[in-house]
Amino acid sequence: MNPMRSIQKRQVKRGVNNKTLYFVKQGFLNIVSHKIMSAASICIVAAALALIGLFTAVGININELMQRIGSSYEINVYLNSENERSISDIEGELKRIPGVKSISFYSREDRLEKVSREVYGDDGYVFKDGENPLRDSFIITVNNLTESDDISKAAENIDGVDEVIRSKDIIGGIDTATRAVRNIGIWIMAVLVILAVFIVYNTIRLGMSSFENEIGIMRIVGASETFIIGPFVVQGFALGVTGAALADILILIGYKIAESNISALISGSITELAGIGMIAAVLTPILMATGGLIGIIGSLAAALKDK
Amino acid sequence: MITFNNVTKTYKGAETAALKNVSFDIPRGDFVFLIGETGAGKTTVTRLILRSEIADEGSVIIGGTDVSKLSRKKTAYFRRKIGTVFQDYKLLPYKTVFENVAFALEVTETPRRNIEHMVPQILSLVGLSDKAESKPGQLSGGEQQRVALARAMANNPPILLADEPTGNLDPKTSAETMRLLEKFNKLGTTVVVATHARDIVDSMRRRVIELEKGRVIRDEPDAFYSKKAGEARGE
């Protein structure tokens with residue numbers, strides 16, 4: 001074989017002609033050539049995403065807790081004694097309120113019988129002379145505990161409804177906690193995401209400065225912008241996703257430990273943490289998508305800066 | 001092939017224009033020396049041809065295209081029609097001669113099969129077939145400039161733009177480099193050389209466009225570096 005021919009075969013093989021493969025290969029070469037900065041980037045992205053993961057895990061558990069409480073939570077809707085509307089009309093209106101899961105009617109007679117049975121057993125009667133001061137009522141269960149306030153208000157406005165009673169304290173407490181976690185979480189997460197994007201941005205800029213000659217030559221010979229910035233976007237994406245994977249692993253390990261410790265300390269279905277499988281199923285895609293997005297935004301911002 | 005119509009260019013922050021009402025026309029297959037003192041506007045002309053800069057006034061038409069109207073995406077494809085050589089070669093030191101030339105083809109997404117054929121051909125044309133596996137650091141200045149030339153011509157562009165191509169070379173190597181430029185010109189490439197090299201211009205006797213303080217002060221065919229030199233020789 002012609003020696004020139006063998007050289008060219010070998011050398012062209014060393015180059016990559018497939019665009020995607022070229023991007024991936026160059027992207028990873030960029031990471032390897034700036035190991036320390038890349039490692040720092042991955043760690044910052046991981047730290048930011050771990051906190052996002054932590055807030056998400058807390059959020060999932062609050063949601064779970066709300067659902068558990070919600071399943072046994074009832075809103076009592078008492079009807080006016082002088083109500084002239086038909087029960088089915090009022091029931092229809094209550095059913096149309098968004099967030100209502102189920103609705104059951106208890107006539108004043110049913111309720112009296114129930115109360116009497118609870119107090120005196122089968123033979124007793126609470127009130128004298130056949131008197132029944134109780135009111136007809138509906139018991140509403142809700143889909144989501146956070147909607148109970150709106151449902152109560154809507155029920156109160158229905159013609160024929162005398163009074164609506166619900167366990168306000170529990171809801172108020174949980175709702176305040178949820179809002180606090182969400183508000184603090186959003187701010188902390190926003191700051192961390194910006195920080196992570198900034199770190200990825202700097203890592204990519206550093207990488208670009210060390211490939212200045214290559215980029216200059218590429219521009220001179222007419223390489224497309226996609227071809228020039230492609231490897232850096234792959235690099236950013238890889239940094240983001242690796243950071244996300246690290247955060248995911250850390251959070252899941254931490255959660256597993258917390259789950260077993262909490263269940264050893266406190267028993268009871270209300271305080272039980274959401275299962276690790278559920279946390280992983282929700283958290284992993286969120287973290288991976290956020291990590292990938294951080295990487296892509298950071299790298300695009302860096303690569304397009306001098307355009 | 002290359003037309004400047006009343007081109008004026010002033011850089012941001014500069015008090016005077018780098019080019020003022022510059023007009024010339026370089027037909028396909030021409031060989032032109034662009035001469036002038038430092039700051040005369042030679043580099044601005046090359047940058048305008050490459051569309052690294054855009055004229056403030058007038059138009060730069062390359063191959064029938066008004067370059068100021070090119071989008072960023074189209075500029076990349078447009079540049080494939082112009083081979084560029086610089087005084088400092090701009091080679092990648094960690095790549096072999098073969099890889100340096102192949103790089104220009106790879107990044108313009110030339111199929112691998114074509115690269116296998118094109119690189120040896122162009123290396124043979126510049127007389128570097130035996131140096132294919134050498135790194136730039138193992139080559140002389142003249143050889144490095146030939147690699148740069150091979151890379152510039154790898155995409156077979158219709159225009160070759162050389163900015164001080166012999167600036168770092170001794171007279172003998174400079175002459176060799178210019179012979180190569182002539183060779184590409186004979187193959188049909190339009191060649192524009194921005195230079196200070198009086199000997200080369202005088203020995204080659206090609207068209208000369210002389211710039212002074214951003215204006216064209218001379219545009220002569222078969223000319224010497226200086227007008228006086230031509231007159232002294234009775235031309």
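Above this note sits the structure.
Parameters and conventions
- Residues numbered from 1 in each chain as written.
- Chains lettered and ligands numbered in written order.
- Predicted model: local features only at pLDDT ≥ 70, side-chain atom pairs only at ≥ 80, totals over all residues.
- Heavy atoms only, no water.
- Helix = DSSP H or I, 4+ residues; strand = E, 2+ residues; numbered from the N terminus.
- Buried < 20%, exposed > 50% of the residue type's maximum accessible area, 1.4 Å probe, protein only.
- Contact = heavy atoms within 4.5 Å.
- Areas by Shrake-Rupley, 256 points an atom, 1.4 Å probe, with all protein chains shown as cover.
- Pairing = 2+ DSSP bridges.
- Axes fitted to C-alpha atoms, helices over the stretch in contact; angles between N-to-C directions.
- Core = buried A, V, L, I, M, F, W, Y, C linked by side-chain atoms within 4.5 Å.
- Parallel < 35°, antiparallel > 145°, perpendicular 65-115°, else oblique.
- Left-handed = near helix turned anticlockwise from the far one by under 90°.
- Nonpolar A, V, L, I, M, F, W, Y, C, P; charged D, E, K, R; others polar.

A. Representation of the overall build of chain B within the structure. For chain B, the helix and strand inventory stands at eight helices and 10 strands. Sorting the 235 residues of chain B into buried and exposed places 57% on the buried side. Restricting to contacts in chain B with at least 6 residues of sequence separation, those with at least 24 account for 68%. Accessible area of chain B: about 10600 Å², with a carbon and sulfur share of 46%.

B. Quick look at the sheet that holds strand β4 (residues 161–165) of chain A. All names here are of chain A. Reading across the sheet, the four strands line up as β2-β3-β1-β4 and stay open at both edges, with antiparallel pairing between neighbours. Each edge of the open sheet is held by one strand with a lone partner, namely β2 (100–106) and β4. The mean inter-strand angle of the sheet, taken between neighbouring strand axes irrespective of direction, is 20°. Across six bridges, the pairing between β2 and strand β3 (residues 137–142) is antiparallel. Pairing of Tyr 106 across the sheet is with Ser 137, part of β3. Across the sheet, helix α6 (residues 148–156) is in contact with β1 (74–79), β2, β3 and β4; its angle to β4 comes to roughly 165°.

C. Looking closely at the nonpolar core. Counting residues in each nonpolar core, the largest one holds 43 residues, and the members touching the most others are Leu 49, Met 218, Ile 279, Leu 287 and Ile 294 of chain A together with Val 107 of chain B. Top element by residues in this core is helix α9 (residues 225–265) of chain A. It accounts for nine residues. In this structure, Leu 287 of chain A is in contact with Leu 49, Ile 52, Gly 53, Ala 244, Ala 247 and Asp 248 of chain A, ignoring residues within four places of it in sequence. Counting residues in hydrophobic clusters, the runner-up holds 42 residues, among them Val 97, Val 101, Leu 180 and Ala 223 of chain B.

D. Here's a closer look at the pairing of strand β3 (residues 31–35) of chain B. Residue and element names in this part refer to chain B. Buried residues dominate β3, accounting for five of its five residues. A two-sided burial pattern is seen for β3, the buried positions comprising Phe 31, Phe 33 and Ile 35 on one face and Val 32 and Leu 34 on the other. Here β3 pairs with strand β8 (residues 190–195) via five bridges, running parallel. Within the sheet, the bridge partner assigned to Phe 33 lies in β8 and is Val 193. Pairing of β3 with strand β9 (residues 207–212), which is carried by four bridges, proceeds in the parallel orientation. Opposite Val 32, over in β9, you have Arg 207 as the bridge partner.

E. Highlighting the packing of helix α5 (residues 141–153) of chain B against helix α6 (residues 171–186) of chain B. Residues and elements named next belong to chain B. At a closest axis distance of 10 Å, the pairing of α5 and α6 adopts a crossing angle of 15°. As judged from the angle between their axes, α5 and α6 are roughly parallel. Note that α5 runs across α6; the crossing there is right-handed. On α6, the residues that touch Gly 142, Gln 145, Arg 146, Leu 149 and Met 153 of α5 are Thr 173, Thr 177, Leu 180, Leu 181 and Phe 184. Its residues assigned to classes, the contact of α5 with α6 comprises five nonpolar, four polar and one charged.

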